[in-house]
Amino acid sequence: MTKVNEQTSDKEQTVFHHVENRFQTEDREIHIVARLEEPLVVVLGNVLCDEECDELIRLSKDNMHRSKIGDSREVNEIRTSSSMFFEENEHDILSTIEKRVSNIMNIPAEHAEGLQILKYTPGQEYKAHFDYFSATSKASKNNRISTLIMYLNEVEQGGETFFPELNFSVSPKKGMAVYFEYFYTNHDLNERTLHGGSPVIAGEKWVATQWMRRQRVR
Ligand SMILES: O=C(O)CCC(=O)C(=O)O
Ligand SMILES: [Fe+2]
């Protein structure tokens, strides 16, 4: 009993500081649709307008490559989708979105990796994984601390973002997003952010993923 009490009073610090049902970024009102407290997972609405979603897909369409993961950058069966990264501010629309995402995640844009676009066709998936790098990898010196996955289209069937340790999944909905963070001192909490993309059953699935690093990257 005492132990449980100790744990609740030692609630971990979070970076995401929005508590209202709706909050304002420089250019857009964002809606909080659902939240889980520890680890913090927040479902957000009204993150991108339809035109921004369409434009991100249009701009990346011709540059999609079979996804590579990890330090070795090898093609791996863990992720069967196609992907690409934008360079920072490569297009006007990116700087707008970059600022908004930085507001939402409450981390300066200098900590942001290039926005990643992922495309899944039927049968393609992203098996359960962590977004942070393992302590033994070079990249962990400036590790990722939080993720925002933005849904760019309506998926006919399948393609949920699932969190197996939390018994929780988010169905893709155009313009919405899911946020989570994993820099907690309690490593069990970080490990509970295990997540993946379920196989798409019908239609295509497009997402834009923003990862934030602990220190600046530019
Ligand atoms: O496609 C999804 O729902 C998950 C994507 C993901 O986990 C990632 O980009 O790190
Ligand atoms: Fe991920």
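Anything mentioned here points back to the structure above.
Residues numbered from 1 in each chain as written. Chains lettered and ligands numbered in written order. Predicted model: local features only at pLDDT ≥ 70, side-chain atom pairs only at ≥ 80, totals over all residues. Heavy atoms only, no water.

A.B. asks: Explain unusual backbone geometry to me, please; I cannot follow it from the model alone.
C.D. replies: One can expect most non-glycine residues to show negative phi and most peptide bonds to be in trans. Cis geometry marks the peptide bond from Glu38 to Pro39, where omega comes out at 0 degrees. The phi dihedral of Asn106 is positive, around 60 degrees, even though this residue is not glycine. In this structure, Asn106 sits in the loop between helix H3 (92-105) and strand E8 (116-120). Under the relative-accessibility criterion, Asn106 is labelled partly exposed at 36%. Positioned with a positive phi, Asn167 is a non-glycine residue whose angle comes to about 50 degrees. Structurally, the position occupied by Asn167 is in the loop between strand E12 (161-163) and strand E13 (168-170). (Helix = DSSP H or I, 4+ residues; strand = E, 2+ residues; numbered from the N terminus. Buried < 20%, exposed > 50% of the residue type's maximum accessible area, 1.4 Å probe, protein only.)

A.B. asks: Help me understand the coordination of the iron ion (ligand 2), please; the structure alone is not making it clear to me.
C.D. replies: Ideal geometry at a metal centre gives angles of 109.5 degrees when four donors are arranged tetrahedrally and 90 or 180 degrees when six donors are arranged octahedrally. For the iron ion (ligand 2), every protein donor is listed as His129 (NE2), Asp131 (OD) and His195 (NE2), and the spread of their distances is 2.1 Å. The motif formed by the donor residues of the iron ion (ligand 2), counted along the single chain, is H-x1-D-x63-H. Each of the two residues, His129 as well as Asp131, counts as buried. (Donors = N, O, S within 2.8 Å, 3.2 Å for Na, K, Ca; no water.)

A.B. asks: Sorry if this is basic, but what is going on with the side chain of Asn143 here?
C.D. replies: Topologically, Asn143 is positioned in the loop between strand E9 (126-129) and strand E10 (144-151). Within the local environment of Asn143, its side chain forms a polar contact with the backbone nitrogen of Phe133, the two atoms lying 2.9 Å apart. Discounting residues that sit within four places of it in the chain, Asn143 has contacts with Tyr132, Phe133, Met212, Arg213 and Arg214. (Polar contact = N/O pair within 3.5 Å; in protein donor to acceptor, adjacent residues only side chain to side chain. Contact = heavy atoms within 4.5 Å.)

A.B. asks: What is the right way to look at the pattern of salt bridges in this model?
C.D. replies: A side chain of one charge can pair with a side chain of the opposite charge if their charged atoms are brought near each other. Applying the stated rule across the entire model yields 12 salt bridges. Across the salt bridge formed by Arg144 and Glu113, the nearest N and O atoms sit 2.7 Å from each other. Of the two residues, Arg144 sits in strand E10 while Glu113 sits in the loop between H3 and E8, which places them 31 residues apart along the sequence. One exposure class covers both Arg144 and Glu113, and it is buried. Salt-bridge contacts for Lys127 lead to Glu125; the nearest nitrogen and oxygen are separated by 3.7 Å. Residues joined in a network through salt bridges with shared partners are Asp27, Glu52 and Arg100. (Salt bridge = Lys/Arg side-chain N within 4 Å of Asp/Glu carboxyl O.)

A.B. asks: Looking at this structure, I do not really get the site of ligand 1. What am I missing?
C.D. replies: Close contacts around ligand 1 come from 13 residues, with Tyr120, Thr161, His195, Lys205 and Thr209 the closest. Contact distances for ligand 1 include 2.6 Å between an oxygen atom and a side-chain N or O atom of Thr161. Protein burial of ligand 1: of its 300 Å² of free accessible surface, 100% is covered by the chains. Its residues assigned to classes, the shell around ligand 1 comprises five nonpolar, six polar and two charged. (Near = heavy atom within 4 Å. Areas by Shrake-Rupley, 256 points an atom, 1.4 Å probe, with all protein chains shown as cover. Nonpolar A, V, L, I, M, F, W, Y, C, P; charged D, E, K, R; others polar.)

A.B. asks: What is the right way to look at the layout of surface pockets in this model?
C.D. replies: Space left empty within the atom packing is revealed by a probe, the size of a water molecule, rolled over the atoms. A volume near 270 Å³ is recorded for the second largest pocket. For the second largest pocket, the lining is made up of 16 residues, of which Tyr132, Asn143, Tyr182, His187 and Asn190 are closest to its centre. Those elements giving two or more residues to the lining of the second largest pocket turn out to be E10 and helix H4 (187-191). A per-element tally of the lining of the second largest pocket places H4 first, with three residues. (1 Å grid on protein atoms, 1.4 Å probe; cavity = no way out; pocket = protein on both sides within 12 Å on 5 of 7 lines; lining within 4 Å. Points joined across faces, edges and corners; volume = space filled by probe spheres on them.)

A.B. asks: Is there a simple way to think about H3 in this case?
C.D. replies: The α-helix advances 3.6 residues per turn, and as a result positions three or four apart in sequence lie on the same side. Taking 1.5 Å of rise per residue, the 14 residues of H3 would be expected to cover 20 Å, and the 20 Å separating its terminal C-alpha atoms lies within 8% of that figure. Asn106 sits one or two residues past H3 and shows a positive phi near 60 degrees. (Expected span 1.5 Å × (residues − 1).)

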